[in-house]
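Below, each chain spelled out in residue letters.
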Amino acid sequence: MSFKKILVTGAAGLLGQHAVRQLQEQYDVSGFDLKAGTAAIDWHLGDLADADSLKEAVAGQDAIVQIAAIPNIWSGTGAQTMQVNVVGLYNLLNAAEEAGVKRVVICSSDSVVGFTVAEGAMVPPQYLPIDLDHPLNATDPYALSKVLGEEMGRSFAARGKLEVLVMRPVFVAYPEMHDEIRARALAPENYKGPSVGGPSSAGGGPCWHHIDPRDLARAFQLGLEMEYRGFDRFFLSANVTLSPEPTLERLANWLGYVPEIRDPAVYDDTPHAPLYDLRHARDVLGFEAAYDARKTAIF
Ligand SMILES: NC(=O)c1ccc[n+]([C@@H]2O[C@H](COP(=O)([O-])OP(=O)(O)OC[C@H]3O[C@@H](n4cnc5c(N)ncnc54)[C@H](O)[C@@H]3O)[C@@H](O)[C@H]2O)c1
């Protein structure tokens, strides 16, 4: 299926800007956000809470890349996070369905699995690599909002009008964060750097996962271009973590044990491979990360 008109929500934000830049060359892109960004595109200013502004923004669009959100546990209260990420997403999906939009690519998060950045609230993985059958153990409002958002996407897709593809990126390592990532890698035990969105800005959960925003923007485009799927989900990560220790050693240090390894070859071949199974994204979406901040930012 080929789309022409794409609405990017959250287009003025950190990730939204990358998505706009990636999509601009091939699509007629417009942006929806609380405020206009710097990109030279049409801007629809509005709030996900406001059905009228959404109605105007989605009219005539072929597809939507849904990025607007409270993006972490530090950027809003639990109630605000639910209001924007759950009710706001419902408003958007509802408006999209009514307007005859064909596809929505939703930016979720790997936090649905349970590796919250809220200290003391992490649920260890049951097995590795974590695939789409692994239980979801959201323990903070942000992660919970993403679980509920994914479920809403599945529900809308089941109604048969909208296709919904859910992206689950890990921590997005924006190039402007690389100095900080490097500082943490050099002094992991006593790193107390400034925060980008929160107190442990280098992010990425216990294994320091990362993905470059340019890779993620490309994954959104692949989500617009892949063959029809009513509903699907994809873990998205660089092929290696930013952790000093290899993944299984890191887990052993963190948990005191290593969970069941269902496919040892993954960690034999790539000792710093992420906790997530990237094969579905590779096989179905055709996504392979091109950027590796381990090489470019740290070593
Ligand atoms: N940054 C990460 O490491 C990371 C990791 C996984 C997933 N994500 C997801 O990526 C997306 C973007 O994150 P980001 O880092 O660009 O954050 P950001 O805060 O820079 O961008 C979010 C954008 O959404 C807009 N927005 C917020 N509430 C809105 C509302 N009610 N109505 C309309 N627009 C609204 C904001 O104005 C902002 O421009 C989010 O969905 C986030 O959950 C981020």
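Quick caveat, the model's predicted, so the values are computed rather than measured. (Residues numbered from 1 in each chain as written. Predicted model: local features only at pLDDT ≥ 70, side-chain atom pairs only at ≥ 80, totals over all residues. Heavy atoms only, no water.)

### Structural notes on the environment of Leu275
Basically, it comes down to this: For the purposes of this entry, the term helix denotes a DSSP run of H or I that reaches at least four residues, the term strand denotes a run of E that reaches at least two, and both are numbered from the N terminus. For every residue, the accessible area obtained with a 1.4 Å probe (protein chains only) is divided by the maximum for its type, and the residue is called buried under 20%, exposed over 50%, and partly exposed between those limits. Between two residues, a contact is recorded if the distance between any of their heavy atoms is within 4.5 Å.
Considering the arrangement of structural elements, one finds Leu275 in the loop between helix 8 (264–269) and helix 9 (279–285). When its relative accessible area of 0% is taken as the criterion, Leu275 is described as buried. Remark: the alpha-carbon pair of Leu275 and Leu128, spanning 147 residues in sequence, is separated by 6.2 Å. Sequence-distant contacts of Leu275, defined by excluding residues within four places in its chain, comprise Phe115, Leu128, Pro129, Ile130, Cys207, His209, Thr247, Leu251 and Tyr267.

### Topic: helix 6 (residues 213–225)
Condition: Helix span, expected: 1.5 Å multiplied by one less than the number of residues in the helix. N or O atoms closer than or at 3.5 Å make up a polar contact, with two conditions inside protein: a donor-capable atom paired with an acceptor-capable one, and, for residues adjacent in sequence, both atoms drawn from side chains.
Across its 13 residues, helix 6 extends 18 Å between first and last C-alpha, which sits within 8% of the 18 Å expected from 1.5 Å per residue. Every buried residue of helix 6 is listed here: Pro213, Asp215, Leu216, Ala217, Ala219, Phe220, Gln221, Gly223 and Leu224. One side-chain oxygen of the residue at the start of helix 6 lies 2.8 Å from the amide nitrogen of Arg214, identifying that residue as Asp212.

### Side note on the confidence of the model for the protein
It should be kept in mind that the predicted coordinates are not to be read in detail where pLDDT is low. We count it as follows: The predictor attaches a confidence to each residue, and that confidence, scored 0 to 100, is pLDDT.
Averaged over the protein, the pLDDT score is 91; the fraction of residues at 70 or greater is 92%. Within the model, the stretch residues 195–200 combines pLDDT values under 50 with 11 contacts to residues more than four positions away or in other chains.

### Description of the sheet that holds strand 3 (residues 42–45)
To keep things clear, this is the line we draw: Two strands are said to pair when DSSP picks up at least two bridges between them. Note on method: axes are straight lines fitted to C-alpha atoms, helices fitted across the in-contact stretch only, with angles between N-to-C directions ranging 0 to 180 degrees.
On the basis of which strands lie adjacent, the open sheet formed by 7 strands has the order 3-2-1-4-5-7-8 and parallel pairing. Two strands bound the open sheet, and with one partner strand each, they are strand 3 and strand 8 (231–236). Strand after strand, the sheet turns through a mean of 20° between neighbouring axes, direction not considered. Here strand 4 (residues 63–66) runs beside strand 5 (residues 103–107); their pairing, made up of 4 bridges, is parallel. Paired with Ala63 across the bridge in strand 5 is Arg103.

### With respect to the site of the ligand
Stated precisely, the cut-off is as follows: Here a residue counts as near a molecule or strand whenever at least one of its heavy atoms sits within 4 Å of it. Accessible surface is estimated by sampling points in the Shrake-Rupley manner with a 1.4 Å probe; for residues, cover comes only from the protein chains shown. In this classification, the charged set is Asp, Glu, Lys and Arg, the nonpolar set is Ala, Val, Leu, Ile, Met, Phe, Trp, Tyr, Cys and Pro, and all remaining amino acids, among them Gly, are polar.
Close contacts around the ligand come from 27 residues, with Leu14, Leu15, Asp33, Tyr142 and Val172 the closest. Taking Lys35, its side chain carries an N or O atom lying 3.3 Å from an oxygen atom of the ligand. Separating an oxygen atom of the ligand from a backbone N or O atom of Ile67 is a distance of 2.9 Å. In the complex, 88% of the free accessible area of the ligand, which totals 820 Å², lies under the protein chains. Elements with a minimum of two residues in the shell around the ligand: helix 1 (14–24), strand 2 (28–33) and helix 4 (141–158). Each residue belonging to the shell around the ligand can be placed in one class, and the counts come to 18 nonpolar, 5 polar and 4 charged.

### Comments concerning the packing of aromatic side chains
This is how it is decided: Aromatic pairs are defined between Phe, Tyr and Trp rings, using the six-membered ring for Trp, whenever the two ring centres lie within 6.5 Å; interplanar angles under 30 degrees are classed as stacked, those over 60 as edge-to-face, and all others as tilted. Two conditions define a charge sitting above a ring: the NZ of Lys or the CZ of Arg must be within 6 Å of the ring centre, and it must be within 35 degrees of the ring normal.
Counted according to the given criterion, the structure contains 2 aromatic pairs. Each ring, one from Phe235 and one from Tyr276, has its centre 4.7 Å from the other, and the planes form 15°; the classification is stacked. Of this pair, Phe235 sits in strand 8 while Tyr276 sits in the loop between helix 8 and helix 9, and the two are 41 residues apart along the sequence. A relative accessible area of 3% places Tyr276 in the buried class. Sitting over the face of the ring of Phe235, Arg168 holds its NZ or CZ atom 5.0 Å from the ring centroid. Note that Arg262 overlies the ring of Tyr127, its terminal NZ or CZ placed 3.5 Å from the centroid.

### As for the nonpolar core
What counts, and what does not: For this analysis, a nonpolar core means a set of buried residues of the types Ala, Val, Leu, Ile, Met, Phe, Trp, Tyr and Cys, connected via side-chain atoms within 4.5 Å.
Core analysis: the largest hydrophobic core is formed by 57 residues, its most contacted members being Ile6, Val8, Phe220, Leu224 and Leu236. If sequence neighbours within four positions are ignored, Ile6 has contacts with Leu23, Tyr27, Asp28, Val29, Ser30, Gln61, Ala63, Val65 and Leu224. Grouped together as the second largest cluster of nonpolar side chains are 23 residues, Val58, Val101, Val104 and Ile106 included.

### A short note on unusual backbone geometry
Omega for the peptide link from Leu128 to Pro129 comes to -15°, which places this bond in the cis form. With a phi angle near 60°, Trp208 is a residue other than glycine that sits in the positive phi range. Judged by its relative accessible area of 5%, Trp208 is buried.

### Notes on the side chain of His18
The residue His18 is located in helix 1 in this model. What makes His18 buried here is its relative accessible area of 12%. In this structure His18 touches Tyr174, Pro213, Arg214 and Ala217, once residues within four positions along its chain are discounted.

### Looking at the pairing of strand 7 (residues 163–169)
Of all 7 residues that make up strand 7, 7 are buried, and the element is covered over most of its length. Burial along strand 7 is two-sided: the face carrying Glu163, Leu165, Met167 and Pro169 and the face carrying Val164, Val166 and Arg168 are both buried. As paired strands, strand 5 and strand 7 are joined by 5 bridges and run parallel to one another. Within the sheet, the bridge partner assigned to Cys107 lies in strand 7 and is Met167. Pairing geometry for strand 7 and strand 8, over 6 bridges, is parallel. When the sheet's bridge partners are listed, Val164 is paired in strand 8 with Phe231.

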